[in-house]
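Here's the letter readout for the chains.
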Amino acid sequence: MSTNTSTTNSVTSNAANALALLLREDPLLVQHGLTSYRGERSFTGKDTDESIQDEAAYAYAASLLHDNGDFSHSNPESSSGWMSSSGEYRQRASEALAEVDRKLALVDSLSQRISRDAPERVAGPLLRLHGFELNDNDESNEKDGNRLSASALTMTATREKAGRLHRQSTLLAQIASRVESTLQRGVTRMESSTTRLSRVLELSSTLKMIMRLQFEARKVCSDGVFTDWDSSAGIGGVDLRDLTRAAASVAVIEELLAHPALTPEDGAETIDVVEKLRPGAEAVASSVRKAAAGLMNELQNHASSSSASLSRLGATLQVYFHLGELHDASWKAVASALSFAEKASSQLFHPAGVQKMKEAAKSEAKALAEEEANSKDIGIQSSSASSGNPGLAKVDPRQRKKQTEANYQRLYARKLREKRSALSSKWSTAVADAASRVWNLHRVLSRRNDATSRRNFLEVVAEQDVPEEFRAAEKWLEERLDGSKANFSLFSLFWVQMCIGLGGRIQRLLKYDGGSLESDVASLYPAVRSASLEMVTELYDVMQMGLSSLEDVAACLSSSGGGAPVAGVMGGSACLEESVFVGISGLEEDDVVSRADEAAGGFFGGNSADAWTHDVDSGFGANASLDTRAKSGGLTASPSSTSAVFSSPEWIALQGGKGQDGAMGLLPLQKSFLKESKKRLFAPLEFMFPEAVSVDGDGVAQKVLPTLPSRYDLAKLDTNIREELSLADPRTGGGDFSMTAMISENVVDMLHEFCLAARRAISEVGDDRIVDPRTGAASEATKHNIRVATVMSTLATFVRNAPENTFVTPYRPAQSPQHEEASHACSVALLPALQEMENLVKSSILNPLCYALNRRIGIAIAKMHRGIYLSETVDASQASSFVQLHLTDQFDQVANAYLSQLPGEYASIVASTIATFSIYSFVSNAALVRPLGETSRLRLTQDLADFELALEQFVFKGGTSSLSQIADGKPYAELRAVRQLLYWNRLDDKTLSPADVAKSLLREVWVKDFRPSTLFHFLFSFAPNLLSSPHHFKRMDAGEYVGTMVKLDGSIEDGEASAWMTCMACCDAYQQRESVDALIVEGDRRISAILMVIGPELLRRRRQ
């Protein structure tokens, strides 16, 4: 034993010494830094201490074995510590082998690098020993070669070193082999132990699963027999708590049976216990599914919003959640509701159904018409028999047939309207029932959470893809929403898909048999829209209320007095409902608001963790909404406003939305209805304003004025308009008041076409042919245009009264606010048509007529400049008035020949325009009279009074009560202020400066009523002769000059600036003349300066 020990120690010592010698004496290792620890370079050379060399980077296995030998023999008690510890043994052996491999790799890489970079460093010493000298041009290489040559070993030393290295490598390879074999034996033993342990763990896991399987099987067994849930399925035959527990157990059993450890592969041995339980487990799973399906079908077929129904629906969904089929079950229920709604749509929008409805209405109307005719005949016969006159009993067959036909048409329209309303109501009830089912399902899904995983049921459904049947609805919603799962809604998908299917069905029906049924199908729209609006309003109210039933709370409160408490879905008491703690039965007003917000989508904010176990009733469903509100004893939400319903997503989708192509909802039906309505409205226009042709004696056709519609034609058109508007009346047309605007748009389009036809019928004559220049009488073309204006006025009156005659008058004095609102909405919608008609008459008839009449009146007023006011010798009291001579007769002629022929509203327009022009023109001409003496002022004052009297009578004939009502009273105010201007005498004081006179004039109260040009021209009457009048300066006639300031339509704004520019030019010319001829005898020389002072100020005031 001691010999072996000494031999081992000597071997390891020799190996360590050989390694140390190699590290010390190998100059290449020293040069390249391979003798230092962790790659740190060391250039100590041969003089390196042994203590430093012991810390060299490559501690070979010899050194390790040397140390281990010391441990194992110097300390026998601790020898088992290193050998017995397999972990430490493996670690140290692995480190030793790694060091050996690294050393060999480094030596090999070193030799390759040196051979590649500097081969002379390797072969140089050998060559020099044999007498060869190397020529190195590089000085640095020569120095290194000299240093290596100086320290080179002899060939013998090199061979000895190589031998030592060979022996060391052999020894290290042996050591590595022994270490590897030792480690392999330990690994093999470890793998064997691990395999046995894994088999034990697998067996333990299998036993646990079998025990769990037996435990869950006992839950669904009754006296050792699996419960058949299918046989007890039904609304009242299943305890939902037991069914929920059974579903949870079935889910666990199916998961265990599907595990690979319990499911043998083909040809593998089976587990008897598992195979014995498998048939019963599969049977009970099937029965649970059938029971849940039966409950879901019955709950969907008997849609109700009672607490029991919603509670059972939540429990059924909990069953499906346990079975992992919640997604499929929910979508199956939605698909069932969609099929129910589509079935109702197919019954209403079907060719056979439409034809059958017409036939039924015809037969019933015919029977009623015959019955009325027979009863009338019997009455006539009885009355003739009682009176003793047999001649009264005779009835004209043609008259009887005519009355019977009229009664038949009336009864047929009524019966057809009743049939449409009944079928539409039936359809809307079916759709509302299907929608309430889906809404209840969505409501329960959004409020229920699993007790174990705390997952919301709606989120579980939203995680998976939407079925192919609802992909179109999903795409439609994604285009209008952000497409995120946060906006997922089963009800929205159902509603949109239902609307898409409805639109396609209506389109196919409209195209059926080449569109032969389009008119009959379009007539369904008023009734369908009315039923749809009622349905959506009820659904909207239900969805916004979010009311909880009081039944649970009443039962909970009664339990405190001895009654049995109501149990929750999983056995919890309904008395734990949050509403009991927030407020008794939620009677707080704030609670109503919070529930309404919750119904709008906030289902997760107020739910407790165990809310899924509670018996919650949200009061949803169209069928039970009225009962729920009645039971709540006043706990109701306010009815939805019409605007809120019209802006709801449900109504928008049902009406086809915005920007649709007409293939969704009721939009195809609405377009068809408006198309047919437009046809009925436009039909009478075909006979309006027909072209008339006359033939002269030679047989040549001559163009004459078109024939105008008679009052009978206009009355028929009014009847047609009111019949179309009455379709929006629920009583007479079966529609809804919200249709008023869309029908009114058709009426506006029809009136637009009527205006185009009337424009073509207006006679286009020149200005000189409107009025006879000699007599002032109206020409034939003007008379024709006046008749056209009468036609337009009559039609405008009919259109203006149509809303009230349609919606209000038939119901007086019992009309409702809805009738008043519909009438107002219709009036507002018809305003564009009325405005267009008025603009047509004004631009094409009234304005040319007013221009022609004002032109004649302007010529007559301009005659005052012919010297009638210049005579100072004639007695003013005996002289004939200028107005009586030239204007009064013209006003009377215009009133008799034109105003009396025009309708009242148009006559007032013509009278106002003529009166405005006449006042401005008369005042402007009077201001230009020069010179203006005392007699002239008296005459002018008399003419002003006569002129005012004549105009008052004129406008009164035109339908205006007073001149002060014309053009905001501005013309009349200026006419009244002229009297005060005529007797303004501040210029009599010659001591006043021009500035003082101007200030005095500007301070007068009546100055604000004048146009600046009137004051300018009036001051010219006091000016010297050298200051030319404005019309003389421009070398124009006075009447022509006034025409530049006062337009023929009575407007005056454009002429004031030009009048001031003319006045300034006159003043400039006067200044030049005055500088030449200073001897001015007549006139006031201050006028020019006064004009330059007041002119800018008056213009500034007028602009303000």
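Just above sits the structure.
Residues numbered from 1 in each chain as written. Predicted model: local features only at pLDDT ≥ 70, side-chain atom pairs only at ≥ 80, totals over all residues. Heavy atoms only, no water.

A.B. asks: Quick rundown of the overall build of the protein? Include the residues and the values.
C.D. replies: Looking only at helices and strands, the protein has 43 helices and 4 strands in total. Split into buried and exposed, the 1104 residues of the protein put 45% on the buried side. Element-wise, carbon and sulfur atoms account for 53% of the exposed surface of the protein, whose accessible area totals about 56,400 Å². (Helix = DSSP H or I, 4+ residues; strand = E, 2+ residues; numbered from the N terminus. Buried < 20%, exposed > 50% of the residue type's maximum accessible area, 1.4 Å probe, protein only. Areas by Shrake-Rupley, 256 points an atom, 1.4 Å probe, with all protein chains shown as cover.)

A.B. asks: I'd like a description of the nonpolar core, backed by residues and values.
C.D. replies: Residues Trp495, Phe754, Met792 and Phe922 are the most contacted members of the largest nonpolar core, which totals 233 residues. Of all the elements, helix H32 (residues 817–861) adds the most residues to this core, at 17 residues. In terms of nonpolar packing, the next biggest core, distinct from the first, is built from 10 residues, Phe917, Leu928, Met1036 and Tyr1041 among them. (Core = buried A, V, L, I, M, F, W, Y, C linked by side-chain atoms within 4.5 Å.)

A.B. asks: Lay out the packing of aromatic side chains in plain terms, naming residues and giving numbers.
C.D. replies: Counted by the stated rule, this structure contains 18 aromatic pairs. Ring centres 5.0 Å apart and planes at 40° place the aromatic pair Trp331 and Phe470 in the tilted group. With Trp331 in helix H13 (residues 326–348) and Phe470 in the loop between helix H16 (457–463) and helix H17 (471–480), this residue pair connects regions lying 139 residues apart in the sequence. Given the relative accessible area of 5%, Trp331 is considered buried. Its relative accessible area of 1% is what places Phe470 among the buried residues. Through a chain of ring-to-ring contacts, the aromatic side chains of Trp439, Phe491, Phe494 and Trp495 assemble into a single cluster. (Phe/Tyr/Trp six-rings, centres within 6.5 Å; stacked < 30°, edge-to-face > 60°.)

A.B. asks: How would you sum up the pattern of salt bridges? Please name residues and give values.
C.D. replies: Per the counting criterion, the structure on display carries 25 salt bridges. A salt bridge links Arg722 to Asp718, with the nearest nitrogen and oxygen atoms 3.3 Å apart. Here Arg722 pairs with Asp718, and both are found in helix H28 (residues 711–726), just 4 residues apart, close to one helical turn. Given the relative accessible area of 28%, Arg722 is considered partly exposed. Judged by relative accessible area, which is 8%, Asp718 ranks as buried. Across the pair Lys842 and Glu838 runs a salt bridge whose closest N-O atoms are separated by 3.3 Å. Of this pair, Lys842 and Glu838 both sit in helix H32, 4 residues apart, which is roughly one turn of the helix. (Salt bridge = Lys/Arg side-chain N within 4 Å of Asp/Glu carboxyl O.)

A.B. asks: Can you break down unusual backbone geometry residue by residue, with the values?
C.D. replies: Of note, the amide linkage connecting Arg812 to Pro813 takes the cis form, showing an omega dihedral of 0°. The omega angle of the peptide bond from Arg930 to Pro931 is 0°, so this bond is cis rather than trans. Positive phi, normally seen in glycine, also occurs at Arg454, with a value near 60°. Relative to the assigned elements, Arg454 resides in the loop between helix H15 (397–447) and H16. Positioned with a positive phi, Phe689 is a non-glycine residue whose angle comes to about 55°. By the element assignment, Phe689 lies in the loop between helix H27 (667–682) and strand E3 (693–695).

A.B. asks: Explain a nonpolar patch on the surface residue by residue, including any values.
C.D. replies: A contiguous nonpolar surface patch, about 300 Å² in accessible area, is contributed by Leu197, Val200 and Leu201. By the element assignment, Val200 lies in helix H9 (residues 155–219). (Patch = residues over 30% accessible without salt bridge, like charges linked within 9 Å, V, L, I, M, F, W, Y side chains within 5 Å.)

A.B. asks: Mind laying out the environment of Ala217, listing which residues take part and the relevant values?
C.D. replies: When you line up the elements, Ala217 lands in helix H9. Sequence-wise, Ala217 and Ser249 are 32 residues apart; in three dimensions their C-alpha atoms are separated by 7.5 Å.

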